[in-house]
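Descriptive analysis of the structure
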Amino acid sequence: MNGDPDDLEMDLVNRGPSGAAVLEDVVYCEEFLPTFTAVEEGDAMPRAEMVEFNDKPDYLFFNDGKRRIDFVLAYEDEDKKEFEKRHVFQRRKRRREYFEAALILMGLELEATRSVLDEKLVFVKVHLPWEVLCTYAEVLHINLPILPNDLTKTASPFSCITKFFRPNENLIPTEIEYFTAPFTKDRLDYFFIKDRELFFTPAMRSRMASYILCRAPFEVRGEIRKFGINKLLDRGVYKAAYPLHDCRFNVRSHDGQCPSERFLLYNEWAHPKSIYKTQPLDLIRKYYGEKIGIYFAWLGFYTYMLAIAAVVGVCCFIYGYHTQETSTWSKEVCDPEIGGNIVMCPQCDKECTYWKLNNTCESSKKLCIFDNFGTLVFAIFMAVWVTLFLEFWKRYQARLEYEWDTVEFLEQEEQPRAEYEAKCIYERTNPITKANEKAPFTRCGKCMRVTCGFGTVLFWIMLIIASVVAIIVYRLAVFFTFSANLKIDLKELEPFKGYLTAQMATSVTASIISFVIIMILNILYEKVAIWITDFELPRTKTDYENSLTLKMFLFQFVNYYSSCFYIAFFKGKIVGYPGAPVYWLGKYRNEECDPGGCLIELTTQLTIIMGGKAIWNQIQEVLLPWVKNLIARFCMKVRSETVLPRWEQDYQLQPQGTLGLFYEYLEMVIQFGFVTLFVASFPLAPLLAFLNNIFEIRVDAWKFITQFRRMVPEKAQGIGTWQPILQGITILAVVTNAMIIAFTSDMIPRLVYYWSFSVFPYGNHTGNTMEGYINSSLSVFNIVDFSNISRPNELPYWFNNNITTCRYRDFRYPPGHPRQYEYNIFYWHVIAAKLGFIITVEHVVYLTKFILGYVIPDVPKAVKEQIKRERYLRQMILHEVNLSMVSRHMKPVTDNLIMNMDQSSELDLDFDM
């Protein structure tokens, strides 16, 4: 068999018992593609009618002005190519002609028009007639109106305030709500049809057109049939396939038949002047479909909830900022008589030297901003907030499901992907219906595919962990260099003396390198994850997206958060003491925390990754599409006075990626992880996320409306597999924040000192106080006990022979004690307090989450009543329609019986006569 090897990816071959290929007369079950028709060899192929452009730039119809354009295909005419290359394109031409002929035989109507700017470029406009629309509306289980909704909505008590933030109701009026039911063409009287041309919305028509195009055949070669617009796009047979925008985004259409919804969305949603307005979700859903509508609904709701968390976080930050100068332990660090007289031990071997504790004065003050009792309150608040966010989102989603007719959207109603159907060569019994159905692989084959995918994902996760280990080794190696070269007592560094420390320089450079590695691994893994998911061959598009989502999130979770987990829970935890330090790989001395703890480094890491990620995403989402469109217009040499048809204007825009909203969700969920998992170290994270999302909503809106072709509308019930991922993050966030406060923050040791060790019998103070905490938290080490490996090569200028000891951060007995350098009683009190704190906080927060989840119902009472009312009316109307249909079908039979009875009576009378 000739042709490209990858052509077999979409081949449909059924195997007989002997393994030989058997060509079926019907490729699809009639349930999925009832109008399927293929052109047999030797048959004449109908072609699309070629017409001229009618100089109407925003025209949405064929040239006859009656048939609406539901989809557009673009290709380059092979006959216009150079002669010596023409033979290369003949195969593409045959496939395209076969594909278009099949579309025409399946009931679609086509009209072709050449480009205004490039005579080689041809646009094929696709129209779905009424009969085809009715057929596929039933196949796709599209809900359509049956009666106006007679349930009144209760007005919000805050409507007098919120009306100032709503879109202009004169431009975007409130739509009439209807009770709906799945469409069936046998019961047209059942539905509320005012105008056949407006009964199916443009989004519905485009969705049905895309469904047919993805399953129409384009080649029959021997025993193999190939089909699908996606494969033709991949092969270069077509350059593009897309539904049309209804007008220019910045100019209202002059066509009276055009609703100019794109123009309204731009002005009332995407334009910067509308940044304070709420989103017109119903119009978004009407124009782009439920899937995009639910994304923006979730993003808007998440942003509103972030506003509450941001206010509380800012209050905690202000509290910490005002207490940094009054904190007793930071005063002791900065005091020349206390911190200035405390000689600290070197933090690395040979290259590092002794240093004074007050060198970290400024960093200790900054640490007080984030490491205070307000942070503890904020961490507990965020644990409750995230529960309320998910519970209230479920309620809001339930209301949207009802209003957008996705309550009864089940996975069984979703049709299989064309790629899945093309590989169905094995028979199996459906465990629910007990009917025989086709499957692309056996149970063993499916198990092998899943195992292969899982193994690949595990390999890449291990690769990320290896990169994290490499970053750790970098931190250890570079810390030595910075410690030797960053002489903070130099005069030229005096303005940065309090900030430019070896720990800070190492942390910042490692965070930047970590961010770069994260971005590189993201690009590589994206291709791997898509390949694995394609290999697994999920049945439906929802299954495909869920499988890819899980793989990508597991990777992104390890990729983005691993460095933060290292700083929070591993750095400085197993370091030994100056006389017996712990080494990595037998060579690198384990990294220690600043005397104030590792919390400030965790905050630095979060700030760099969150900020860098936000900037990088904006460049990718805004700048790149804009530059590409600018280059495309320059290359096409579009003049301002040139009148371009609607389909050619859209062709110059950027195509949407195959994964659609996947990356938008992924970006926000990763941000949600930063906001919740490590919020105890950075209370300003909700504020940064809130400000980013305010612009993210409008940037995404501007991008979809102005820079990208119109996406094919898709149906969706909710945010899909992202919901359990968010729930998993919230559960993990309780543990991580409790452990950050217990092990990364210095709060628990301070509390133990304040309540126990500052007074009798351990302390000399008469009342509870923080005075003397620094001295209590630093252990003593005799410099004579340094090994030859650890002893510093150089001594600072202020070091003299009277200094015989140095201090280090730990709770150990001093030299000369019978148990010298072993953990003291303070250490065990602190460990017990940390474990007790974690257990108490987890139980209290989880109990609160359980109570809130139980008390707050997932579906509002009003929505439940509306759903019941709709089902009741649907059954009543269906009953009436069935009665009328029975009466209509029985009427001829009844008339015949009456006629026969009359004739029989007349015969009897004649006989009696």
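Structure's up top.
Predicted model only: the values in this text are computed from it and were never measured.

Focus on the overall build of the protein chain
Across its full length, the protein chain holds 25 helices and 22 strands. Among the 913 residues that make up the protein chain, the fraction classed as buried is 52%. Across the protein chain, the fraction of contacts at a sequence separation of at least 24, relative to all contacts at a separation of at least 6, is 78%. Carbon and sulfur atoms form 61% of the exposed surface of the protein chain, whose accessible area is close to 43900 Å².

A word on the packing of aromatic side chains
For the coordinates displayed, the defined rule picks out 62 aromatic pairs. Centre to centre, the rings of F557 and Y561 are 4.9 Å apart; their planes meet at 85 degrees, and the pair counts as edge-to-face. Pair noted here: F557 and Y561 are both in helix α16 (residues 541-569), with a separation of 4 residues, about one helical turn. Look at Y561 and F674: their rings are 5.0 Å apart centre to centre, the planes differ by 85 degrees, and that puts the pair in the edge-to-face class. Of this pair, Y561 sits in helix α16 while F674 sits in helix α19 (residues 662-677), and the two are 113 residues apart along the sequence. We note that Y561, like F674, is buried. A cation over a ring is seen here: R96 above Y75, with NZ or CZ 3.7 Å from the ring centre. Above the plane of the ring of Y287 lies R710, whose end atom (NZ or CZ) is 3.7 Å from the centre.

What about the sheet that holds strand β5 (residues 71-76)?
Reading across the sheet, the 5 strands line up as β4-β6-β7-β5-β12 and stay open at both edges, with mixed pairing between neighbours. The open sheet terminates on both sides in strands that have one partner only, identified here as β4 (49-51) and β12 (240-242). The average angle at which neighbouring strand axes cross in this sheet is 25 degrees, direction not considered. On top of the sheet, helix α5 (residues 202-213) reaches β5 and β7 (121-127); it is set at about 45 degrees to β5, its chief contact.

Some details on helix α2 (residues 130-139)
Across the 10 residues that make up α2, a large majority, 8, are buried. Of the surrounding elements, those touching the buried residues of α2 are α4 (196-199) and α5. Directly after α2, the chain includes H141, whose backbone phi takes a positive value near 55 degrees.

Notes on a nonpolar patch on the surface
Residues I615, W616, I619, L623, L624, W626, V627, L630 and I631 make up a contiguous nonpolar surface patch of about 790 Å² in total accessible area. Its place among the elements puts V627 in helix α17 (residues 599-636).

Focus on the pairing of strand β6 (residues 109-114)
The pairing of β4 with β6 spans 3 bridges and is classified as parallel. For V51, the partnering residue across the bridge sits in β6 and is T113. Sheet topology note: the β6/β7 ladder contains 6 bridges and is antiparallel. Paired with E111 across the two strands is K125, which belongs to β7. Taken together, β6 and the strand that follows it, β7, pair antiparallel across an intervening segment of 6 residues.

A closer look at the state of the cysteines
For the structure shown, the criterion picks out 3 disulfides. Across the disulfide, C345 is cross-linked to C806 (sulfur-sulfur distance 1.9 Å). Looking down the S-S bond of the C345 and C806 bridge, the torsion is 90 degrees, so its handedness is right-handed. Residue C345 is located in the loop between β13 (343-344) and β14 (355-356), and its partner C806 is located in strand β22 (residues 805-809); the two are separated by 461 residues in the primary sequence. In this structure, C345 and C806 share a single accessibility class: buried.

Section: the pattern of salt bridges
Per the stated rule, a full pass over the model turns up 28 salt bridges. Measuring nitrogen to oxygen at the nearest pair gives 3.1 Å for the salt bridge that ties R819 to E822. Because the salt bridges share partners, they merge into one network encompassing D58, R248, R646 and D650.

A look at the side chain of S790
Residue position: S790 is located in the loop between β21 (778-782) and β22. At a separation of 3.2 Å, a polar atom in the side chain of S790 contacts the side chain of D349.

Regarding the side chain of N737
Residue position: N737 is located in helix α21 (residues 722-744). Polar side-chain contacts of N737 include one of 2.6 Å to the backbone oxygen of T676.

Describing unusual backbone geometry
Where the residue is not glycine, phi is negative for most of them; where a peptide bond is considered, it is trans in most cases. Residues F760 and P761 are joined by a peptide bond in cis, for which omega reads 10 degrees. Among the secondary structure elements, P761 is positioned in the loop between α22 (747-757) and α23 (773-777). The phi angle at S260 is positive, at roughly 55 degrees, despite the residue not being glycine. If you trace the backbone, S260 turns up in the loop between β12 and α7 (261-270). In this model, D405 sits at a positive phi of 60 degrees, which is unusual for a non-glycine residue. Along the chain, D405 falls in the loop between α12 (373-403) and α13 (418-422).

A short note on the nonpolar core
Note that soluble globular proteins tend to have their nonpolar side chains buried in a common cluster. One finds W298, Y302 and F674 to be the most contacted residues of the largest nonpolar core, which totals 157 residues. Examining the composition of this core, we find that 15 residues originate from one element, α16, more than from any other. With near-sequence residues (within four places) excluded, F674 lies in contact with Y560, Y561, C564, L606, I609, M610 and V679. Within the second largest apolar cluster, 56 residues are counted, among which are L73, I142, M208 and I229.

Details of the environment of T730
As for its placement among the helices and strands, T730 is situated in helix α21. Each C-alpha atom of the pair T730 and M382 lies 9.6 Å from the other, and the pair is 348 residues apart in sequence. Beyond its immediate stretch of four places on either side in the chain, T730 contacts V386, L390, F672 and K849.

Focus: the packing of helix α8 (residues 281-288) against helix α9 (residues 290-323)
Contact geometry of α8 with α9 gives a least axis separation of 7 Å together with a crossing angle of 150 degrees. Our classification of the angle between α8 and α9 gives roughly antiparallel. Seen from above, α8 lies across α9 with right-handed handedness. Taken together, the residues of α9 that come into contact with α8 (itself represented by L281, I284, R285 and Y288) are E290, I292, G293, F296 and A297.

Criteria and cut-off values
Residues numbered from 1 in each chain as written. Predicted model: local features only at pLDDT ≥ 70, side-chain atom pairs only at ≥ 80, totals over all residues. Heavy atoms only, no water. Helix = DSSP H or I, 4+ residues; strand = E, 2+ residues; numbered from the N terminus. Buried < 20%, exposed > 50% of the residue type's maximum accessible area, 1.4 Å probe, protein only. Contact = heavy atoms within 4.5 Å. Areas by Shrake-Rupley, 256 points an atom, 1.4 Å probe, with all protein chains shown as cover. Phe/Tyr/Trp six-rings, centres within 6.5 Å; stacked < 30°, edge-to-face > 60°. Lys NZ or Arg CZ within 6 Å of the ring centre and 35° of its normal. Pairing = 2+ DSSP bridges. Axes fitted to C-alpha atoms, helices over the stretch in contact; angles between N-to-C directions. Patch = residues over 30% accessible without salt bridge, like charges linked within 9 Å, V, L, I, M, F, W, Y side chains within 5 Å. Salt bridge = Lys/Arg side-chain N within 4 Å of Asp/Glu carboxyl O. Disulfide = S-S within 2.5 Å. Polar contact = N/O pair within 3.5 Å; in protein donor to acceptor, adjacent residues only side chain to side chain. Core = buried A, V, L, I, M, F, W, Y, C linked by side-chain atoms within 4.5 Å. Parallel < 35°, antiparallel > 145°, perpendicular 65-115°, else oblique. Left-handed = near helix turned anticlockwise from the far one by under 90°.

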